[in-house]
Amino acid sequence: MAGSPRTPAGMRGAGQSRPAAPPAPSRRSARGGRRRRGRQSRERSELSSRVLVAIPALAVALFLVIEGGIVFTIGVFVLGAVCMHELYAMYDRAHPVRLAGFVALGGLLLAALYGDQFQVLLAAVAALPLLFGLTLLQQHPSVGGLALTLLGIYWIGFALAHAVLLRGLPHGEGIVLDVLVGVFLGDTAAYFGGRMFGRRPLAPSISPSKTVEGLVIGMVFAIIGVWIAGRYQEWLPGTHALVLGLGVALFAPMGDLFESFVKREADTKDSGGLFGAHGGALDRLDGVLFAAVVGYYIWAAYV
């Protein structure tokens, strides 16, 4: 009797279909998965490193603010001198007059500690003839070097003098801490909010990574952070805390953009290496330099 041809063991006849194998993942999807995992790993690593940097920095900031007086002023001078050094190093080709910048910074801070706004103004006015005299002693005196030195004095020196003035106001210790909370919480929220939800560039010619969504998220968190901090300060009304938070939320990102503009013109990514992968002192304090000024005038209006 004729039958179907025999087939080797384990093989199917011609009429039997082989079960379909599961489709192999495409190279594109595999690469996409690897990129996502790599990005998530980098974000976790970056968050961990930010926390590791932030903890000792917050401890030092708390100590200085709580101590106040000359201790706070000396600590602010050290930070300000580092910021000035980073600025002048970025534009070393302009031959800034570093000594004049450091002397002016010290004069502004001492005027703020032992005087008021009038004495700070006097110190700022006196800085110009001092700077001119020291410029003439330079090996390469130039208007560019003079202008760059003045930028450091008025950008960094004036701002930190206002921080000392703010610390000297009634309840200044708490307000300085509120400003710092608003700046750093807003900056962190803007960074991670922009990474997760950012679509529209904020200022692509200055800082391509900043987005409108990150800015809004950062501002919201800055206002909420200052308001929550104020809930633990019985002397700070909720409306005052909201106004202070709004001021910080508006001006801290402006300080960040300002520093980004300065770095872009200098064609450098970070202002320095004091905080390792997170850049220099200017990179960490750019928002504070603007927020301290607005914080002083807001709180001075209330007290």
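The paragraphs below set out a description of the structure included in this document. These numbers come from a predicted model, not from an experiment. (Residues numbered from 1 in each chain as written. Predicted model: local features only at pLDDT ≥ 70, side-chain atom pairs only at ≥ 80, totals over all residues. Heavy atoms only, no water.)

## Concerning the overall build of the chain
The condition is simple: The way it works is that DSSP assigns letters per residue, a run of H or I at least four long becomes a helix, a run of E at least two long becomes a strand, and they are numbered from the N terminus. The rule is simple: take the accessible area with a 1.4 Å probe, protein chains only, and divide by the maximum for that residue type; under 20% is buried, over 50% is exposed, in between is partly exposed. The criterion used for residue contact is that any of the two residues' heavy atoms lie within 4.5 Å. Note on areas: these come from Shrake-Rupley sampling with a 1.4 Å probe, and a residue is covered only by the protein chains present in the view.
When its secondary structure is counted, the chain shows nine helices and two strands. When its helices and strands are written in sequence order, the chain yields α-α-α-α-α-α-β-β-α-α-α. Counting every position in the chain, which comprises 303 residues, the buried fraction comes to 39%. Here the contacts in the chain between residues at least 6 apart in sequence split such that 72% fall between residues at least 24 apart. With the model as given, the accessible surface of the chain reaches about 17100 Å², and the carbon-plus-sulfur share is 66%.

## Quick notes on the pairing of strand 2 (residues 207–211)
Our working rule: Criterion used throughout: strands pair if DSSP finds at least two bridges between them.
For strand 1 (residues 201–203) and strand 2, the ladder comprises two bridges, and the chain directions are antiparallel. Bridging from a neighbouring strand, Pro-201 pairs with Thr-211 of strand 2. Remark: three residues form the turn of the hairpin made by strand 1 and strand 2, two consecutive strands paired antiparallel.

## What about the pattern of salt bridges?
Condition: When a carboxyl oxygen of Asp or Glu is within 4 Å of a side-chain nitrogen of Lys or Arg, the pair counts as a salt bridge.
Under the counting rule described, the total for this entry stands at seven salt bridges. Measuring nitrogen to oxygen at the nearest pair gives 3.0 Å for the salt bridge that ties Glu-213 to Arg-200. On the criterion of sequence distance, the pair formed by Glu-213 in helix 7 (residues 212–230) and Arg-200 in the loop between helix 6 (172–197) and strand 1 is long-range, its members being 13 residues apart. Residues Lys-263 and Glu-259 are paired through a salt bridge, measuring 3.7 Å at the closest nitrogen-oxygen approach. A residue pair is termed a helical-turn pair when its members lie 3 or 4 positions apart in one helix, as Lys-263 and Glu-259 do in helix 8 (residues 238–266) at four residues. As far as the burial class goes, Lys-263 and Glu-259 line up, both buried. Here the salt bridges share partners, and the residues they tie into one network are Glu-259, Lys-263 and Asp-283.

## Focus: the environment of Ser-142
Within the secondary structure, Ser-142 is located in the loop between helix 4 (117–136) and helix 5 (143–168). Relative accessible area serves as the criterion here: at 30%, Ser-142 is assigned to the partly exposed category. Once the C-alpha coordinates of Ser-142 and Val-97 are considered, the two residues, 45 residues apart in sequence, prove to be 9.8 Å apart. Setting aside residues no more than four positions away along its own chain, Ser-142 makes contact with Ala-94 and Thr-135.

## Some points on the nonpolar core
What counts here: Here, nonpolar core means buried Ala, Val, Leu, Ile, Met, Phe, Trp, Tyr and Cys residues that are tied together by side-chain atoms lying within 4.5 Å of each other.
Grouped together as the largest cluster of nonpolar side chains are 61 residues, with contacts concentrated most on Leu-87 and Ile-156. Within the residue set of this core, elements represented by two or more residues are helix 1 (27–67), helix 2 (69–90), helix 3 (98–114), helix 4, helix 5, helix 6, helix 8 and helix 9 (281–302). Ranked by the residues each element gives to this core, the list is headed by helix 5, at 12 residues. With residues near it in sequence (within four places) discarded, Ile-156 still touches Gly-80, Cys-83, Met-84, Leu-87, Leu-151, Leu-282 and Leu-289.

## Focus: the environment of Asp-267
Position of Asp-267 among the secondary structure elements: in the loop between helix 8 and helix 9. In this structure the C-alpha to C-alpha distance between Asp-267 and Met-90, which are 177 residues apart in sequence, comes to 8.5 Å.

## Concerning the packing of aromatic side chains
Note the cut-off: Centres within 6.5 Å make a pair out of two Phe, Tyr or Trp rings, where for Trp the six-membered ring is used; the pair is then stacked when the planes are under 30 degrees apart, edge-to-face when over 60, and tilted otherwise.
Counted by the stated rule, this structure contains seven aromatic pairs. Arranged with centres 5.7 Å apart and planes meeting at 45 degrees, the rings of Phe-258 and Phe-290 form a pair that is tilted. In this pair, Phe-258 sits in helix 8 while Phe-290 sits in helix 9, placing the two residues 32 residues apart along the sequence. For Phe-258, a relative accessible area of 29% puts it in the partly exposed group. Each residue in the set Trp-155, Phe-258 and Phe-290 is aromatic and connected to the rest through ring pairs, giving one cluster.

## Concerning the side chain of Arg-167
Formally: Pairs of N or O atoms within 3.5 Å make up the polar contacts considered here, provided that, within protein, one atom can donate a hydrogen while the other can accept it, and that residues adjacent in sequence are counted only when both atoms are side-chain atoms.
With respect to the secondary-structure elements, Arg-167 resides in helix 5. Judged by its relative accessible area of 16%, Arg-167 falls in the buried class. There is a polar contact of 2.7 Å between the side chain of Arg-167 and the backbone oxygen of Val-65. Setting aside anything within four residues of it in sequence, one finds Arg-167 in contact with Val-65, Ile-66, Glu-67, Gly-68, Phe-72, Gly-172, Glu-173 and Val-176.

## Re the packing of helix 2 against helix 3
We count it as follows: Lines fitted to C-alpha atoms define the axes, with helix axes restricted to the stretch in contact, and inter-axis angles between N-to-C directions lie between 0 and 180 degrees. We call two directions roughly parallel when the angle between them is under 35 degrees, roughly antiparallel when it is over 145, roughly perpendicular when it lies between 65 and 115, and oblique otherwise. Here a crossing is taken to be left-handed if its near helix is turned anticlockwise relative to the far helix by less than a right angle, and right-handed if that turn runs clockwise. Three classes are used, and their members are as follows: Ala, Val, Leu, Ile, Met, Phe, Trp, Tyr, Cys and Pro are nonpolar, Asp, Glu, Lys and Arg are charged, and the others, Gly among them, are polar.
Following both chains from N to C, one finds helix 2 and helix 3 inclined at 155 degrees, their axes separated by 10 Å at the closest point. Here helix 2 lies roughly antiparallel to helix 3, going by the angle between them. Read as a crossing pair, helix 2 and helix 3 show a hand that is right-handed. Of the residues in helix 3, those touching helix 2 at Gly-69, Ile-70, Thr-73, Val-76, Phe-77, Gly-80, Ala-81, Met-84, His-85, Tyr-88 and Ala-89 are Arg-98, Gly-101, Phe-102, Leu-105, Gly-106, Leu-109, Leu-113 and Tyr-114. In terms of residue class, the contact of helix 2 with helix 3 is built from 12 nonpolar, six polar and one charged.

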